[in-house]
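The lines below spell out each chain.
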Amino acid sequence: MSLYPLLRPFAFALDAETAHRSTIAALKLAPKRQPPRFSDSLRTSVAGLDFPSPVGLAAGFDKDAEVFEQMLGLGFGFVEVGTITPRPQLGNPRPRLFRLVEDRAVINRMGFNNKGQAEALRRLNRRLRGRSVVGVNVGANKDSADRIGDYVAGVQAMSAVADYLTVNISSPNTPGLRALQAEGALDALLGAVHEVRSGKPVFLKVAPDLRDGDPERIVRAAIDHGIGALIIANTTVSRPTLKSAHRAEQGGLSGAPLRPLALDALRRFRSASGGEIPLIGVGGIATADDAWERIRAGASLVQLYTAMVYEGPGIARRIARGLEQRLASAGFANIAEAVGTG
Ligand SMILES: Cc1cc2nc3c(=O)[nH]c(=O)nc-3n(C[C@H](O)[C@H](O)[C@H](O)COP(=O)(O)O)c2cc1C
């Protein structure tokens, strides 16, 4: 039985960022558990990496690589740490993280608060490699004069300790960052990253706020530059109808209201790519049905963050078990067989 329903009122009595900091502090003190054993039907290979379960923790929860082992122990099949920028930065002034409880959503405008590459490198260096998948999501400092140079530096520095790198150009909270998704800029960025890669797969994380033609253009650039997978998607700057008092806060919206947008974006990328590049579905996933729908729509892996705030950390195992059952009843021996079948 999960203890989270009992703990949640205490966490929700704190402001959202204090609750997050307390959670990280508590997790750091918790004993590190071995990851659970998953059914062989959940084991899958993407971009040359073996994932024990397709249910991962999305970037932004463990920005400084402090608790990735604990999160693997709680049943995430892989963890993406970051976003990490070359130099430490404070991010935006607080408050910058808001729970929209009635909407089962979050709005954040954190602005890449993180302790920088050197600190993350030190922590990640201590990990036992080869037994689990840890990705490092890299970004640019807000005041950087050379943003592409920051991504290059991130990929170069973190390759030694990451199983995969994610180039994140889709956060709405660093002014101008999403402009790197535009045609010429994306080519220049991915070309520069390609030159410094050292054998580790590089993933690209995109925004769900797309114009006509964006999926085709981004897929082409990704394939041309040897990107290993596309992560779809980051938070949205759009505002579907919301009930909560915080609905007008600036920033990126995640959780349940993002689900239809992220699913639609995934479908558009699947039809643009025809399965030529693996896709990772993220945005509003809260149940095994949500994850299953994303996989059937073309995702080889899924990630989540916001639903964990509402449902607790047991969510990763619950979704993994639910996927195992759905695979069995649909007659698939392995998750890879289900990708893109719906
Ligand atoms: C508080 C918060 C901080 C986040 N920080 C990052 C980040 O640093 N880098 C990133 O690529 N995505 C970040 N994200 C986006 C998530 O990784 C994910 O793409 C998004 O929240 C949608 O998934 P969800 O609905 O399951 O939360 C953040 C999300 C939240 C809620």
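Residues numbered from 1 in each chain as written. Predicted model: local features only at pLDDT ≥ 70, side-chain atom pairs only at ≥ 80, totals over all residues. Heavy atoms only, no water.

Visitor: I'd like a rundown of the packing of helix α6 (residues 183–196) against helix α7 (residues 214–224), residues and numbers included.
Guide: Where α6 contacts α7, the axes come no closer than 10 Å and their chain directions differ by 20°. One element, α6, and the other, α7, form an angle in the roughly parallel class. For α6 against α7, the interelement crossing comes out right-handed. Here Glu-183, Leu-186, Asp-187 and Leu-190 of α6 come into contact with α7, specifically with Arg-217, Ile-218, Arg-220, Ala-221 and Ala-222. A per-class count over the contact of α6 with α7 returns 5 nonpolar, no polar and 4 charged. (Axes fitted to C-alpha atoms, helices over the stretch in contact; angles between N-to-C directions. Helix = DSSP H or I, 4+ residues; strand = E, 2+ residues; numbered from the N terminus. Parallel < 35°, antiparallel > 145°, perpendicular 65-115°, else oblique. Left-handed = near helix turned anticlockwise from the far one by under 90°. Contact = heavy atoms within 4.5 Å. Nonpolar A, V, L, I, M, F, W, Y, C, P; charged D, E, K, R; others polar.)

Visitor: Quick one: what's the story with the pattern of salt bridges, residue by residue and with numbers?
Guide: Applying the stated criterion to the full structure yields 19 salt bridges. Where Arg-87 meets Asp-143, a salt bridge forms, and the shortest distance between an N and an O atom there is 3.0 Å. Highlighted residues: Arg-87 in the loop between β4 (78–84) and β5 (97–100) and Asp-143 in the loop between β7 (133–138) and α5 (147–158), separated in sequence by 56 residues. Residue classification places Arg-87 among the partly exposed positions, given a relative accessible area of 41%. The exposure class assigned to Asp-143 is exposed, which follows from its relative accessible area of 58%. Across the pair Glu-249 and Arg-109 runs a salt bridge, and its minimum N-O distance is 3.0 Å. (Salt bridge = Lys/Arg side-chain N within 4 Å of Asp/Glu carboxyl O. Buried < 20%, exposed > 50% of the residue type's maximum accessible area, 1.4 Å probe, protein only.)

Visitor: So what's going on with the sheet that holds strand β13 (residues 299–304)? Which residues, and what values?
Guide: An order of β3-β4-β7-β8-β9-β10-β12-β13 is seen for the 8 strands of this closed barrel, with the pairing classed as parallel. Each strand of the sheet is rotated relative to its neighbour by a mean of 30°, with strand direction disregarded. Where β7 lies against strand β8 (residues 164–168), 4 bridges are found, and the strand directions are parallel. Paired with Asn-137 across the bridge in β8 is Thr-166. Most of the contacts of helix α9 (residues 288–296) go to β13, to which it runs at about 145°, and overall it touches β12 (279–282) and β13. (Pairing = 2+ DSSP bridges.)

Visitor: Residues and numbers for a positive patch on the surface, please.
Guide: A cluster of basic side chains, namely Arg-33, Arg-317, Arg-318 and Arg-321, defines a positive patch on the protein surface. Mapped onto the elements, Arg-318 comes out in helix α11 (residues 315–330). (Patch = residues over 30% accessible without salt bridge, like charges linked within 9 Å, V, L, I, M, F, W, Y side chains within 5 Å. Areas by Shrake-Rupley, 256 points an atom, 1.4 Å probe, with all protein chains shown as cover. Lys, Arg positive; Asp, Glu negative; His and termini not counted. Charge placed at Lys NZ, Arg CZ, Asp CG, Glu CD.)

Visitor: Tell me about the side chain of Asn-141, and please be specific about residues and values.
Guide: For Asn-141, the position within the fold is in the loop between β7 and α5. Assessed through its relative accessible area of 1%, Asn-141 is described here as buried. Separated by 2.9 Å, the side chain of Asn-141 and the backbone nitrogen of Arg-87 make a polar contact. When neighbours within four sequence positions are excluded, Asn-141 is seen to be in contact with Thr-85, Pro-86, Arg-87, Pro-88, Gln-89, Arg-147 and Asp-150. (Polar contact = N/O pair within 3.5 Å; in protein donor to acceptor, adjacent residues only side chain to side chain.)

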